[in-house]
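# Structure assessment
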2 protein chains.
Amino acid sequence: MNKIEELAAILLKQHLTMGTAESCTGGRIANRITSCAGSSAYFKGGIVSYCNEVKHRVLGVSADDLITYGAVSQPVVEQMARGAMRVLNCDCAVATSGIAGPGGAVPGKPVGTVWIAAAYKDKVNSQCFHFSSDRIGNIELSAEAALNMLGELIAPK
Amino acid sequence: MNKIEELAAILLKQHLTMGTAESCTGGRIANRITSCAGSSAYFKGGIVSYCNEVKHRVLGVSADDLITYGAVSQPVVEQMARGAMRVLNCDCAVATSGIAGPGGAVPGKPVGTVWIAAAYKDKVNSQCFHFSSDRIGNIELSAEAALNMLGELIAPK
């Protein structure tokens, strides 16, 4: 089974619904999930919050945290994941915020820096990745890592 | 130039921002747009409203219209496009709602039936398409048609 099929099997077995909050992946996670027939059984929807205004207004990310820590940060990506669960009314969610490149690097955050969060009930796992591919490659690697993180978080222990 | 580059040029020249409201395309339009470097200059974000609850709660589609006309209908896709402009605070938006297949067909709406709307200021253009590819093909054709419709709507006459 590929990653999507594995995740779908875990979601379906536990009767869980999921959602997404995507910045740097720009809809690629939702696109990968909905490319599979039958995904409407567990996928409720996603927010592509490409600008900070949408992160704040739609997902409820703190405007202060966006200024203090920047969009590519642990507090922001965790709030995006929790915001997706609330706004989409789903059981679990993944969120991504990073710099796919080729532009967008800032001091301390080179191209390929991506924060990813997975949330389920009151738990949120987040991790910073450093990918070194081109724009499309970094988007794909981020989507794959996000699917992995969500699968690990919700898999029965 | 490909479709995305053409659309980007029109948006940039007129200093317009755009957003998306996707059901059957499931994030593929946002994914195609954000695959291009520089898209943050005009793309504010998107809502993947895969279930009716998200169409109603996030995009403001009338619950009565979802029941009366069904999700794959002109009133619903037009409200999705207007909802995207409002929620994402952007100048123009595209919306899709259809049956990518292989399942999901209902009487009068076979697989491949897709309603698409493009909205800009107070104008909304909508059209029903009948694609005859497989799931992935129908998603791609829908995304392509949506980008075309938005480009035609906002292009200077």
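Just above sits the structure.
Presented here is an overview of the structure given in this document.

The rules behind these values
Just so you know, the residues in each chain are numbered from 1, in the order the chain's sequence is written. All chains are assigned letters beginning with A, and all ligands numbers beginning with 1, in the order in which they are written. For this predicted model, a pLDDT threshold of at least 70 governs which residues receive local features, and a threshold of 80 or more governs which side-chain atom pairs are given and counted, while totals over whole chains, interfaces and linings are taken from all residues. No hydrogens and no water enter the side-chain calculation; it runs on all heavy atoms of the structure. A run of H or I in DSSP becomes a helix once it reaches four residues, and a run of E becomes a strand once it reaches two; helices and strands are each numbered from the N terminus. Expected helix span is taken as 1.5 Å per residue step, with the number of steps being one fewer than the number of residues. Think of it in three bands: residues with accessible area under 20% of the maximum for their type are buried, residues over 50% are exposed, and the middle band is partly exposed, with areas taken using a 1.4 Å probe on protein chains only. In what follows, residue pairs with any heavy atoms lying within 4.5 Å of each other are defined as contacts. When two parts are brought into contact, each loses some accessible area as probed by a 1.4 Å sphere; the total of that loss over both is the buried area. Note on definitions: salt bridges are taken to be side-chain nitrogens of Lys or Arg within 4 Å of carboxyl oxygens of Asp or Glu. Polar contacts, as used here, are pairs of N or O atoms within 3.5 Å; protein pairs need one atom able to donate a hydrogen and one able to accept it. Residues neighboring in sequence count only if both atoms are side-chain atoms. In this description, strands pair whenever DSSP reports at least two bridges between them.

Turning our attention to helix α5 (residues 74–88) of chain A. All names here are of chain A. Here α5 is 15 residues long and its end C-alpha atoms lie 21 Å apart, about the 21 Å a rise of 1.5 Å per residue gives. Across the 15 residues that make up α5, a large majority, eleven, are buried. Taken residue by residue, α5 has Val76, Val77, Glu78, Gln79, Met80, Ala81, Gly83, Ala84, Met85, Val87 and Leu88 as its buried positions. Remark: Asn89 follows α5 within two positions and exhibits a positive phi of approximately 55°.

Here we take up the interface of chain A and chain B. The interface is formed by 33 residues belonging to chain A together with 33 residues belonging to chain B. For the chain A and chain B pair, buried surface summed over both sides reaches about 2,400 Å², with 56% attributable to carbon and sulfur atoms. For A:Lys44, the salt bridge identified is with B:Glu53, shortest N-O distance 2.6 Å. Taken together, chain A and chain B are joined by 24 residue pairs in polar contact (both at pLDDT 80 or more). Among the secondary structure elements, those contributing two or more residues to the side of chain A that touches chain B are α2 (28–34), β2 (43–49), α3 (52–57), α5 and α6 (135–154) of chain A. Taken together, the five bridges between β2(A) and strand β2 (residues 43–49) of chain B define a ladder with antiparallel strand orientation. Its bridge partner lying in β2(B), A:Val48 is registered against B:Gly46.

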